[in-house]
Amino acid sequence: MSFTTLPFCVEVSERGEYCVFRTFVVVLGMTALGWVTGSPSFLLGQTLREESRRAGVLVGTAVRADRLSEPAYAATLAREYNLVEPEDAMKWWVLRPSRGEFDFRQGDDIVRFAQAHGMKVRGHCLLWGRSNPDWISQGGFSPAQLTELARDHIATVVRHYAGDVFAWDVVNEALDENGEPRDTIWNAGLHSASRARRMEYIEQAFRWAHAADPRALLFYNEAEGEGLGQKSDAVYAMLKDFRARGAPVDGMGLQMHITNLTVDAAAVASNIKRLTGLGLQVHITELDVALPVNADSSLRDPADLDRQAKVYADIARACLQTPGCTAIETWGFTDKYSWIGSSSRHTRGWALPFDRVYQKKPAYEALHRALAEKPPQNP
Ligand code: XIL
């Protein structure tokens, strides 16, 4: 924090030494008050990104390219976060308006914003069974043509962003709730083939991505398998197998969309531990905690904000207790722009750390406190 940003020192006529002395006294006073109230970092006004750097993790959010021109959105984003991930801008339906075209404009805007503000970029996502344009999902392509389209897409996109995107979600949500491979266009025509054959495209995608940018960290990203159970066991087994055979996988993304205000944080912590035990990094990639709302979008129960804060803190702590968990990212940061409204048919909302007018919610404070609690890490 520079002295010139402190309100106690703004008079131009003030002598430098006196100003510094007064600032010192005020900061000392605030710190002492902080000890009394137990929240010194709050009084000093550190942002999430400052706390996260001290704690040795990244703190990030999904972002919408078309909102970067909104001053409050951009200012909050740049002030609080050191990691961004395009919410949609690097998905097929945005990048690939047609078979012969790549449209990098939105993704490039996000990369430019990140670079201007010293933030890292996570790419999301190279292959997913959803968010694909009709020309491919309904194009009647043969399995061989789809394989070629996937290979070309991954090579072109990863090369385009080489050096700008430090980590990619290479494959998203490939397994169902039982841990079986979902049928998608990427394994089309293989419905009655063996499980291994239906999963082959996943490993193949990692190999193509690695060839296109050997320095990028490559993640498998999955939903609803963050704790312990059949699905997370299947993900773990798949990644263990990849590691054993030298497939270039570096990390696991735990999405963490919470819809019922409860999370088994101990199970999440155990899962993180076993994944990092494979030598993988773990990122919490899409954290949000949806709350029930009335028809006018008001909260059903205002006390839910505190319950929500506890869920945020529990998840952040589950990550922070294991050194290999290196990023905590929410799926958006302001309730003004969150996928929860439309995806829940407006029965849920208020899922993120900032409200609709960019005010900090208890969830923000909980995340901040969890980061501040972690002893400083060596960079
Ligand atoms: C969602 C976006 O937030 C929406 O804007 C879009 O309409 C659909 O996709 N899991 C994922 C994300 O991996 O890509 C999804 O994002 C949310 C669920």
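Whatever comes next refers back to the structure up there.
Residue numbering note: each chain is counted from 1, following its sequence as written. Where totals are concerned, whole chains, interfaces and linings use all residues; where local detail is concerned, this predicted model gives features only for residues with pLDDT of at least 70, and gives and counts side-chain atom pairs only at 80 or more. Values reported for side chains reflect all heavy atoms of the structure, with hydrogen atoms and water molecules removed beforehand.

### Considerations on helix H3 (residues 48-55)
What sets the pattern is the α-helix's 3.6 residues per turn: residues three or four places apart point alike.
Piece 1. When we look at burial in H3, the residues that qualify are Leu 48, Arg 49, Glu 51, Ser 52 and Ala 55. On an axial view of H3, the arc spanned by its buried residues comes to 160°, and they lie on one face.
Piece 2. A run of DSSP states H or I qualifies as a helix once it reaches four residues; a run of E qualifies as a strand once it reaches two. Both are numbered from the N-terminal end. Count one or two residues on from H3 and you reach Gly 56, which has phi positive near 80°. The buried label applies to any residue whose accessible area, calculated with a 1.4 Å probe on protein chains only, is under 20% of its type's maximum; exposed applies above 50%, and partly exposed to all values in between. Read the arc as the range of directions from the helix axis to the C-beta atoms.

### Examining the pairing of strand E3 (residues 120-128)
Piece 1. For E3, the tally of buried residues reaches 8 of 9 residues, placing the bulk of the element in the interior.
Piece 2. Think of it this way: DSSP has to see at least two bridges between two strands before they count as a pair. Note: strand E2 (residues 83-86) against E3, 2 bridges, orientation parallel. Bridged to Leu 83 within E3 is Lys 120.

### Some remarks on the pairing of strand E4 (residues 167-172)
Piece 1. Burial within E4 is extensive, with 6 of its 6 residues counted as buried.
Piece 2. Note: E3 against E4, 5 bridges, orientation parallel. Counterpart to Arg 122 in the pairing with E4 is Ala 167.
Piece 3. Of the strand pairs in this sheet, E4 and strand E5 (residues 217-222) are connected by 5 bridges, and their pairing is parallel. Counterpart to Asp 169 in the pairing with E5 is Phe 219.
Piece 4. We call a crossover right-handed when, viewed with both strands directed away from the observer, the connection leading from the first strand over the helix to the second proceeds clockwise. At this point the chain moves from E4, through helix H9 (residues 195-212), to the parallel E5, and the crossover so formed is right-handed.

### Observations regarding the site of the ligand
Piece 1. Throughout this document, a residue counts as near a molecule or strand when at least one of its heavy atoms sits within 4 Å of that molecule or strand. As a matter of local geometry, the ligand sits amid Glu 87, Asp 88, Lys 91, His 124, Trp 128, Asn 172, Glu 173, Gln 255, His 257, Glu 286, Trp 331 and Trp 339.
Piece 2. Between the ligand and Glu 173, the relevant distance is 3.2 Å, taken from a nitrogen atom to a side-chain nitrogen or oxygen of the residue.
Piece 3. Distance and chemistry together define a polar contact, namely a pair of N or O atoms within 3.5 Å, with one atom able to donate a hydrogen and the other to accept it when in protein, and with adjacent residues in sequence counting only for side-chain atoms on both sides. Trp 331 is positioned with one of its side-chain polar atoms (N or O) 2.9 Å from an oxygen atom of the ligand.
Piece 4. Its residues assigned to classes, the shell around the ligand shows 3 nonpolar, 4 polar and 5 charged. In this classification, Asp, Glu, Lys and Arg are treated as charged, Ala, Val, Leu, Ile, Met, Phe, Trp, Tyr, Cys and Pro as nonpolar, and every other residue, Gly included, as polar.

### Observations concerning the side chain of Arg 198
Piece 1. With respect to the helices and strands, Arg 198 occurs in helix H9.
Piece 2. Given a relative accessible area of 14%, Arg 198 falls into the buried group.
Piece 3. Note on contacts: a residue pair qualifies if any of its non-hydrogen atoms lie within 4.5 Å across the two residues. If near-sequence neighbours (up to four positions away) are discounted, Arg 198 is found in contact with Glu 180, Pro 181, Asp 183, Asn 187, Leu 190, His 191 and Ala 193.

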